[in-house]
Structures are given as structure tokens and as C-alpha cells.
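# Examining the three-dimensional arrangement
Read off the chains here:
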Amino acid sequence: MPLIITPGQLKHRAELYHTLGSLLAVGLTMPKALEQLQGNPPSRSLRAPIAQWLQHLREGMSVGDAVAQMGNWMPAFDVALVNAGEHSGRLDACFKLLADYYAERAQMARKVISDLLYPAFLLHFAVIVFAFIDFLKPGHGVARFVFMVLGILVPIYAAAGFLIFAGQGRHGEKWRSVVESILRPIPVLGAARRCLALARLAAALEALLNAGVIITSAWELAVAASGSPALGRAVRGWKEAVASGATPAELIKAAPQFPEMFASLYATGEISGQLDETLGRLHRHYQEEGSRKMKIVADWSPKLVYFIVMLLIAWRIIAAWTRMYGPGSDLDDALKGFR
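Computed from a prediction, not measured in an experiment: that's the story for all the values here.

Regions of empty space are outlined by a rolling probe, equal in size to a water molecule, passed over the atoms. The full count for this structure, using the stated rule, is one cavity of 30 Å³ or more. Taken together, Ile215, Thr216, Trp219, Glu220, Val235, Trp238, Lys239, Val242 and Pro248 make up the full set of residues lining the largest cavity. If you list the elements that add at least two residues to the lining of the largest cavity, you get helix 10 (215–226) and helix 12 (239–243). Ranked by the residues each element gives to the lining of the largest cavity, the list is headed by helix 10, at four residues. Here the lining of the largest cavity is composed, by residue class, of six nonpolar, one polar and two charged.

The next thing to look at is the packing of helix 9 (residues 189–210) against helix 10. Packing of helix 9 against helix 10 leaves a shortest axis separation of 8 Å and a crossing angle of 145°. Helix 9 and helix 10 meet at a crossing whose hand is right-handed. Across the interface between the two elements, Ala197, Arg200, Leu201, Ala204, Leu205, Leu208 and Leu209 from helix 9 touch Ile215, Ala218, Trp219, Leu221, Ala222, Val223, Ala225 and Ser226 from helix 10. Taken together, the residues of the contact of helix 9 with helix 10 sort by class into 13 nonpolar, one polar and one charged.

Within the largest apolar cluster, 71 residues are counted, with the highest numbers of intra-cluster contacts made by Leu20, Trp53, Phe95, Trp219, Phe258 and Phe262. The greatest single-element share of this core, amounting to 10 residues, is contributed by helix 9. The residues contacting Leu20, other than those within four sequence positions of it, are Met30, Ala33, Leu34, Leu37, Trp53 and Phe95. Formed by 11 residues, the second largest nonpolar core is a distinct cluster that contains Ala126, Ala131, Val149 and Ile313.

Compared with the 18 Å implied by 1.5 Å per residue over 13 residues, the 18 Å span of helix 14 (residues 260–272) between its first and last C-alpha is a close match. Of all the positions in helix 14, only Phe262, Ala263, Leu265, Tyr266 and Gly269 are classed as buried. Gly273 sits one or two positions beyond helix 14 and adopts a positive phi of about 80°.

Quick look at unusual backbone geometry now. With the exception of glycine, the majority of residues adopt a negative phi angle, and the majority of peptide bonds are in the trans configuration. Although it is not a glycine, Val188 adopts a positive phi angle of roughly 70°. Examined against the element boundaries, Val188 turns out to sit in the loop between helix 8 (173–183) and helix 9. A relative accessible area of 32% means that Val188 is categorised as partly exposed.

Cut-offs applied
Residues numbered from 1 in each chain as written. Predicted model: local features only at pLDDT ≥ 70, side-chain atom pairs only at ≥ 80, totals over all residues. Heavy atoms only, no water. 1 Å grid on protein atoms, 1.4 Å probe; cavity = no way out; pocket = protein on both sides within 12 Å on 5 of 7 lines; lining within 4 Å. Points joined across faces, edges and corners; volume = space filled by probe spheres on them. Helix = DSSP H or I, 4+ residues; strand = E, 2+ residues; numbered from the N terminus. Nonpolar A, V, L, I, M, F, W, Y, C, P; charged D, E, K, R; others polar. Axes fitted to C-alpha atoms, helices over the stretch in contact; angles between N-to-C directions. Left-handed = near helix turned anticlockwise from the far one by under 90°. Contact = heavy atoms within 4.5 Å. Core = buried A, V, L, I, M, F, W, Y, C linked by side-chain atoms within 4.5 Å. Buried < 20%, exposed > 50% of the residue type's maximum accessible area, 1.4 Å probe, protein only. Expected span 1.5 Å × (residues − 1).

Structure below.
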């Protein structure tokens, strides 16, 4: 799997999952669906992973065990959701959920990159211009010019690359837990991630409970499918409490990781016997809310970068003007000689 995931690769993964979901929905088995895809994959780069996946199934592995054996190519979130789909007997629905997830990520990533092109050009132009102005000073050679340009741009590239790498879902739970704790306080972005995690949790839980999976196992699988380590830590301690007679509604209400609305609606669904319908409503609500907030982040992130770049350029211009014409400059000393 490549170090950095591009929007194109996200789109290809979305197409892969969409095709798998469609083929399973019309009655094909998982091996037959993968055979169809192997002959005509969404991207050439997917041919090898599809062949590996198919080989694991031919060796007698379950779908969940097969994806777990595919290493870094299959993110932990995907593995958890496929497992939930297999246990619930609704693999087609889970593949559709994954397809929508990756399609939305690809669309937002493409928009952010497109909107960042002008601020990035402006930043590079300003760095080169200011370095060139410094290069024109007596005694400043080409080496100093190159050092100034690379000294500013290389750390920016490194920081951007690290942020992209850190935000990918293929890392282990400890890494994802650290990233989640860092992003949680960030306005809009933290709330968007929480909403999307709750949407995935509700969707997986609805499928598992409808398939007759016992409540404790259903919650464990669903919280793994949510992709949120914070929700996972909250739910993993429930088994003994549920065995002692506590209901999930009571435990959700006592867990600060779950919003009041989620706890209230879940309790209503549990009491009324319409939990599947309630979980469907929760999934739709948090999916729409999370997507809306993510679009705000995608819209405003490039604008924030542009504003920061403009501030840096303004600061450099003011600093240069002060150095040339301000108090203590050569011009100021020359004017003092005429007074």
C-alpha cells in the first residue's frame, strides 16, 4: 500500500466496494463477485489485492478472516465493517456503506487539493521572490538562495506529508486513538468525525441486531466498525455490566462519549421495541450532520491556509520596509545627516 493515499486511489476503492455490493445484492457469492472484479477491476493496481483476497477465500477462510490477512492494504476500519457485515448477513449493505464513505472522502480530498492550488502557488512565489531579493544583496550567493528556499519549503512539505499520513485509517488503534484525541477539540472537524463514527456505529448495530446477533457481540462488532477508539474503550467494559442485568441504554446514558440525543433515542427504541427503526434514524441523522460539517471543513481549510499565507507575506513586506526605511535604517541615518 502506498505511503500517501491519493483521491484517485480513494475513488478506486469506492468503486471496488460499490461493485462488490451490487454483485452480492443480485445473488452472486463472494468468490464469484471477486472473480468478476479480477477480470475487470476499477484500477490495475487493485488486481493483485483482489487475487489475494480470492485466494484466501478459496483456501476456506471466511470473508472477515480473508480481509484480516491482507495486511496494510485493508484498513482496520474496513476489516471491522466487513466483519460486521458478515456476521449480520448483510455484506452488500456494508460494502455500500464503505463505498459511500470512500467516495465522499475522495470528493472532499479532491476539492481541498483544488482549492489549495492557488494558496500553494502564492506561497511558493512569495518564498522565491523574497529569497531572490536577498540573493541580490552583495555577498549573497546561489547557495544562500537555495538554502533559504528549501529551508522554508521542505519543513512545510514534511509537515503536510505527516498530517496526511497520520490521518489515514490503516494505522493501529493506539495511533488512531492519539489522532482522535488531537482532533477532538478542533471546532467543526472534531464534531464531524464524532458524527460520522456514530453514524457507522448505528448502521452496523442495526444490521447485526436484525440478523439476531446477541447484544454484547453486536455492540463489540459495531463499535469496531465505527472506527472510533474512544467509543471502543467505552463499550469494551460493558460485557460484565450487561451480564449483571444492565441494559445498553443505561450504559450509553452513563458514557460521556455518547451524545444526549443518541442516548435518548436509543433508550426510546429499546423501550418501544423499535430499536432497528431508531438505529436507522440515528444513522441517517449523524451521517447527514457529519457530512455537512466535513463539507464546511473542506470549504474553509484552503481559505484558512490562504489567509495565513497572506499574513506571512504582509509580515515580510512590513519587515523589509522597516529595515529599509524605518528607524535605525541607512535611509534614516542619511536623513539625520541633513537635519
